[in-house]
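# Residue-level structure breakdown
For reference, the chains in residue letters:
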Amino acid sequence: MIQEKSYLEGQMDNSVFAIIKGIDRDVERGEDMLMLGFGIVMLSSTFAPVLPPSILLPLVALVFAISAGFARMNYHKMEQKLLQSMTNLEEHEIVSLSPIAAVFADYPMPSLSESFNPLKNLRRTGKSALGGLLINPLWMPIFYVMGMQIHEEKNLGVLNRAIMTAEQKVYRTLSCYKKA
């Protein structure tokens, strides 16, 4: 499968619509990655009778880490593809996409190496340690990567709202042109 470097590759119609449609598709893909991880974790309780917690709980943490990691990589690819696509647009088209670009500027996502480093995420580490102390120390890594998963979900939600704002702005602009 060939990776697109821009939302405008192979598009002949309205470039703003193509970008919005492409980024919306990628946001859905990121949400699907997170929900798949969450669904697998929910199914992990079926293995509880046959797997000891010392095996099952690290697997749960691994599933959360993998789904959050893939969602983070997807988020970074969306940002790169949007920036690449916007270099080919006119000024009025860039204004239409400004709510989406503002999300990437206002909610920058650190690299995966920073996210997995407990020393660079002291708040998440503290919350994970507290949860581990209250429930079970084996749950600390689960809480840590679950915090990553929640952070990814929150950013995708903000991005989804920005996409809806951009769509409304484009539809209003087009309806004004059609009335005139």
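In what follows, the structure referred to is the one given above.
Residues numbered from 1 in each chain as written. Predicted model: local features only at pLDDT ≥ 70, side-chain atom pairs only at ≥ 80, totals over all residues. Heavy atoms only, no water.

### Description of the overall build of the protein chain
Of the regular secondary structure elements, the protein chain holds seven helices and zero strands. In the protein chain, the succession of helices and strands from N to C terminus is α-α-α-α-α-α-α. Evaluated residue by residue, the protein chain yields a buried proportion of 38% over its 180 residues. Sequence-distant contacts, at least 24 apart, represent 77% of the contacts inside the protein chain between residues at least 6 apart. As displayed, the protein chain offers around 11,000 Å² of accessible surface, 66% of which is attributable to carbon and sulfur atoms. Distance between charge centroids for the protein chain: 5 Å, based on 17 positive and 17 negative side chains. (Helix = DSSP H or I, 4+ residues; strand = E, 2+ residues; numbered from the N terminus. Buried < 20%, exposed > 50% of the residue type's maximum accessible area, 1.4 Å probe, protein only. Contact = heavy atoms within 4.5 Å. Areas by Shrake-Rupley, 256 points an atom, 1.4 Å probe, with all protein chains shown as cover. Lys, Arg positive; Asp, Glu negative; His and termini not counted. Charge placed at Lys NZ, Arg CZ, Asp CG, Glu CD.)

### Quick word on the pattern of salt bridges
A complete count under the given rule lists three salt bridges for this structure. Here Asp-26 makes a salt bridge to Arg-29, at a shortest N to O gap of 2.7 Å. One end of the pair is Asp-26 and the other is Arg-29, both in helix H1 (residues 15-43) and three residues apart, which spans about a single turn. We classify Arg-29 as partly exposed; its relative accessible area is 36%. (Salt bridge = Lys/Arg side-chain N within 4 Å of Asp/Glu carboxyl O.)

### Brief notes about the nonpolar core
Met-78, Ile-100 and Leu-159 are the most contacted members of the largest nonpolar core, which totals 27 residues. Elements represented by at least two residues in this core include exactly H1, helix H2 (53-86), helix H4 (98-106) and helix H7 (140-179). In contact with Ile-100, not counting residues within four places along its chain, are Ile-20, Ile-23, Leu-82, Leu-159, Ala-162, Ile-163 and Ala-166. (Core = buried A, V, L, I, M, F, W, Y, C linked by side-chain atoms within 4.5 Å.)

### Description of H4
Taken together, the buried positions of H4 are occupied by Pro-99, Ile-100, Val-103 and Phe-104. Seen along its axis, H4 keeps its buried residues to an arc of 145 degrees; they face one direction. Opposite its buried face, H4 presents the exposed residues Ala-105 and Asp-106, each directed more than 90 degrees away. (Arc of directions from axis to C-beta.)

### A few points about the side chain of Ser-85
Turning to its location among the elements, Ser-85 is positioned in helix H2. Within the structure, the side chain of Ser-85 is placed 2.8 Å from the backbone oxygen of Lys-81, a separation counted as a polar contact. (Polar contact = N/O pair within 3.5 Å; in protein donor to acceptor, adjacent residues only side chain to side chain.)

### Remarks on the packing of H2 against H4
Relative orientation and spacing of two packed helices are given, respectively, by the angle between their axes and the distance between those axes. Taken N-terminus to C-terminus, the directions of H2 and H4 make an angle of 130 degrees; their axes are 11 Å apart at the nearest point. With respect to H4, the element H2 is oriented oblique. As H2 runs across H4, the sense of the crossing is left-handed. Two secondary-structure elements touch here, H2 through Tyr-75, Met-78, Glu-79, Leu-82 and Met-86 and H4 through Ile-100, Ala-101, Val-103 and Phe-104. (Axes fitted to C-alpha atoms, helices over the stretch in contact; angles between N-to-C directions. Parallel < 35°, antiparallel > 145°, perpendicular 65-115°, else oblique. Left-handed = near helix turned anticlockwise from the far one by under 90°.)

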